[in-house]
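# Examining the three-dimensional arrangement
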Amino acid sequence: MEFDYVRQSVKWSVSTRRRPVLWSGRSRRVGYAVLCPGVPAGDASGKFIRRVFWVKGYGRSEQSDGTYER
């Protein structure tokens, strides 16, 4: 699926480099960063910083005739 735009959040202290990042909330996760095997952990041992890409329920991709129609 193609998106005109997505929002991005940073998740701190994720315990995996490659598996899906847990996501909760009223928005829809559409992607996440997958880290290479050799990427070092962040400040906490064994924890990583990952980006998550998401869209809101009223975004253009979810409601083509909604708030962001144009």
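### Comments concerning the overall build of the chain
- Each helix and strand in the chain was counted, giving zero helices and three strands.
- Counted from the first residue to the last, the chain has its helices and strands arranged as β-β-β.
- Against the compact-globule benchmark of 11 Å for 70 residues, the chain has a radius of gyration of 15 Å, which places it well outside the compact range.
- For the chain, the spread of C-alpha atoms along the principal axes amounts to about 45 × 20 × 15 Å.
- A burial count over the chain gives 19% of its 70 residues as buried.
- The long-range share in the chain, meaning contacts at least 24 apart out of those at least 6 apart in sequence, stands at 56%.
- When the accessible surface of the chain is summed, it comes to about 5,300 Å², and 48% of that surface belongs to carbon and sulfur atoms.
- Across the chain, the 14 positively charged side chains and the 6 negatively charged ones have centroids separated by 12 Å.

### Quick word on the side chain of R50
- Among the structural elements, R50 can be located in strand β3 (residues 48-55).
- Reaching out from R50, the side chain makes a polar contact with the backbone oxygen of A33 at a distance of 2.6 Å.

### Describing the sheet that holds strand β2 (residues 28-32)
- What the three strands build is an open sheet, ordered β1-β3-β2; its pairing is antiparallel. In this open sheet, the two edge strands, each paired with only one partner strand, are β1 (7-14) and β2. Ignoring which end each strand starts from, the neighbouring axes of this sheet average 40° apart.
- Where β2 meets β3, four bridges bridge the pair, whose relative direction is antiparallel. Looking at β3, one finds that G31 is bridged to F53.

### Regarding the environment of V52
- Structurally, the position occupied by V52 is in strand β3.
- For V52, a relative accessible area of 0% translates into the label buried.
- In sequence terms V52 and W23 are 29 residues apart; their C-alpha atoms lie 8.5 Å from each other.

### Digging into the packing of aromatic side chains
- One pass over the full model with this rule turns up one aromatic pair.
- Measuring from centroid to centroid gives 5.9 Å for W23 and W54, while their planes differ by 35°, and the two rings are tilted. With W23 in the loop between β1 and β2 and W54 in strand β3, the pair connects residues that are 31 residues apart, well separated along the chain.
- Residue W23 is classed as partly exposed on the basis of its relative accessible area, which comes to 25%.
- Overall, the relative accessible area of 13% leaves W54 in the buried class.

The rules behind these values
Residues numbered from 1 in each chain as written. Predicted model: local features only at pLDDT ≥ 70, side-chain atom pairs only at ≥ 80, totals over all residues. Heavy atoms only, no water. Helix = DSSP H or I, 4+ residues; strand = E, 2+ residues; numbered from the N terminus. Rg over C-alpha atoms; globule rule 2.2 N^0.38 Å. Buried < 20%, exposed > 50% of the residue type's maximum accessible area, 1.4 Å probe, protein only. Contact = heavy atoms within 4.5 Å. Areas by Shrake-Rupley, 256 points an atom, 1.4 Å probe, with all protein chains shown as cover. Lys, Arg positive; Asp, Glu negative; His and termini not counted. Charge placed at Lys NZ, Arg CZ, Asp CG, Glu CD. Polar contact = N/O pair within 3.5 Å; in protein donor to acceptor, adjacent residues only side chain to side chain. Pairing = 2+ DSSP bridges. Axes fitted to C-alpha atoms, helices over the stretch in contact; angles between N-to-C directions. Phe/Tyr/Trp six-rings, centres within 6.5 Å; stacked < 30°, edge-to-face > 60°.

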